[in-house]
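# An overview of the molecular structure
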Amino acid sequence: MKRYILYMTMILFFLSSAIFAPIAHSQEAKKPEKKVARDYSSTWEEYLDLTPEQKSKLAELREKRQAERKESMENMRAVRKELRELMRDPEANEKKILGIYDQQAKFRAERFKKSIQHRKVIKKMLTSEQWEKLKKIKKRMVLRRGRFMGRKGFFRRDFQRHRFHRFWR
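Description of the structure in this document. Here the residue index of a chain counts from 1 through its sequence in written order. Local features are withheld for residues below a pLDDT of 70 in this predicted model, meaning they are given only at 70 or higher, and side-chain atom pairs are given and counted only at 80 or more; totals for whole chains, interfaces and linings count all residues. To obtain the side-chain values, all non-hydrogen atoms of the structure were used and water was disregarded.

### Things to note about the overall build of the protein chain
Elements are defined by DSSP. Helices are runs of H or I of four residues or more, strands are runs of E of two residues or more, and each kind is numbered from the N terminus. In terms of regular secondary structure, the protein chain is built from 7 helices and 0 strands. In the protein chain, the order of α-helices and β-strands from amino to carboxyl end is α-α-α-α-α-α-α. In the protein chain, which comprises 169 residues, the share counted as buried stands at 15%. Counted over contacts in the protein chain with a minimum sequence separation of 6, partners at least 24 positions apart contribute 61%. Under the convention used here, a 1.4 Å probe and the Shrake-Rupley method define accessible areas, while residue burial counts only the protein chains that appear. With the model as given, the accessible surface of the protein chain reaches about 16,000 Å², and the carbon-plus-sulfur share is 57%. Summary of the burial criterion: residues with accessible area below 20% of their type's maximum are buried, those above 50% are exposed, and those between are partly exposed, where the area comes from a 1.4 Å probe applied to protein chains only. Whether two residues are in contact is decided by their heavy atoms: any pair within 4.5 Å suffices.

Below is the structure:
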């Protein structure tokens, strides 16, 4: 009888801790969270004070740019795949490999030229004040990104690339 009571109390204790622990964690905090002070609006359109006409033009430009980038990435993927297959083949033609590499360089150059043209088009759409605001916020974003993902940061490229290097040796 004593064991029965002991087992029942232990079972009730574990069940109550399993039920009440999540309930205790789901309660609201007594202290309200600190609000983040920002001196800019939550969206680009509000921050830059864009007109409806500017918003529509930028939306069209964005859609056009996304379509171009998608096409470019598909072309680049196909070329990379072909290059990978040739690099695996020990008897591959060197001229063909170099030609494919030149094709990759051409795609990169086109993408860079289009990004410069895209920037010019956006600059024409915006007023000088809006352009200055955009430069200011981009500078701020670069500084933040540098703080978290800079050369010495956790997300640097060489760390990502070589983090399992010892494991795969």
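### Some words on the pattern of salt bridges
Salt bridges are identified by distance alone: a Lys or Arg side-chain nitrogen within 4 Å of an Asp or Glu carboxyl oxygen. In this structure the tally under the stated criterion is 3 salt bridges. One salt bridge connects aspartate 49 with lysine 133, and the closest N-O pair in it is separated by 3.2 Å. Placement of the pair is aspartate 49 in the loop between helix H2 (44–48) and helix H3 (52–88) and lysine 133 in helix H5 (residues 128–149), with a sequence separation of 84 residues. According to the relative accessible area criterion, lysine 133 is partly exposed, its value standing at 28%.

### Let's talk about the environment of lysine 55
As for its position among the elements, lysine 55 is in helix H3. Of the residues examined, lysine 55 reaches a relative accessible area of 40% and is grouped as partly exposed. Between the alpha carbons of lysine 55 and glutamate 45 there is a distance of 7.3 Å; along the sequence they are 10 residues apart. In contact with lysine 55, not counting residues within four places along its chain, are Glu45 and Leu50.

### Let's talk about the layout of surface pockets
Taken as a whole, the largest pocket encloses approximately 590 Å³ of empty space. What lines the largest pocket is a set of 20 residues, and nearest its centre among them are Leu58, Arg62, His118, Ile122 and Leu134. Elements represented by at least two residues in the lining of the largest pocket include exactly H2, H3, helix H4 (94–125) and H5. Ranked by residue count, the leading element in the lining of the largest pocket is H3, at 8 residues. Classifying every residue of the lining of the largest pocket by side-chain character gives 10 nonpolar, 3 polar and 7 charged. A pocket here means an open set of points on a 1 Å grid, computed over the protein atoms alone, that has protein on both sides within 12 Å along at least five of seven lines. A cavity is instead a set of points where a 1.4 Å probe fits but cannot get out; residues with an atom within 4 Å of a point line either one. Grid points are joined across faces, edges and corners, and a volume is the space filled by probe spheres set on the points. Taken as a whole, the second largest pocket holds about 170 Å³ of empty space. In this classification, Asp, Glu, Lys and Arg are treated as charged, Ala, Val, Leu, Ile, Met, Phe, Trp, Tyr, Cys and Pro as nonpolar, and every other residue, Gly included, as polar.

### Examining the nonpolar core
To form a nonpolar core, buried Ala, Val, Leu, Ile, Met, Phe, Trp, Tyr and Cys residues must be joined to one another through side-chain atoms within 4.5 Å. Grouped together as the largest cluster of nonpolar side chains are 11 residues: Tyr47, Leu48, Leu50, Leu58, Leu61, Ile122, Met125, Leu126, Trp131, Leu134 and Ile137. Mapped by element, the contributors of at least two residues to this core are H2, H3, H4 and H5. With 3 residues, the top contributor of residues to this core is H5. When near neighbours in sequence (up to four residues on either side) are disregarded, leucine 134 contacts Trp44, Leu48 and Leu126. Counting residues in hydrophobic clusters, the runner-up holds 7 residues, among them Leu83, Leu86, Ile100 and Phe107.

### Thoughts on the side chain of glutamine 130
With respect to the helices and strands, glutamine 130 occurs in helix H5. N or O atoms within 3.5 Å of each other form a polar contact, as long as, within protein, one can give a hydrogen and the other can take it, and as long as residues adjacent in sequence are counted only when both atoms are side-chain atoms. A polar contact of 3.0 Å, which involves the side chain of glutamine 130, links it to the backbone oxygen of aspartate 49. A polar side-chain atom of glutamine 130 sits 3.0 Å from the main-chain amide nitrogen of threonine 127. Apart from the residues lying within four places of it in its own chain, the contact partners of glutamine 130 are Leu48, Asp49, Leu50 and Gln54.

### A closer look at H3
Expected helix span is computed as 1.5 Å times (number of residues minus one). Between the first and last C-alpha of H3 there are 53 Å, a value that for 37 residues agrees with the 54 Å anticipated at 1.5 Å per step. Taken together, the buried positions of H3 are occupied by Gln54, Leu58, Leu61, Arg65, Ser72, Met76, Val79, Leu83 and Leu86.

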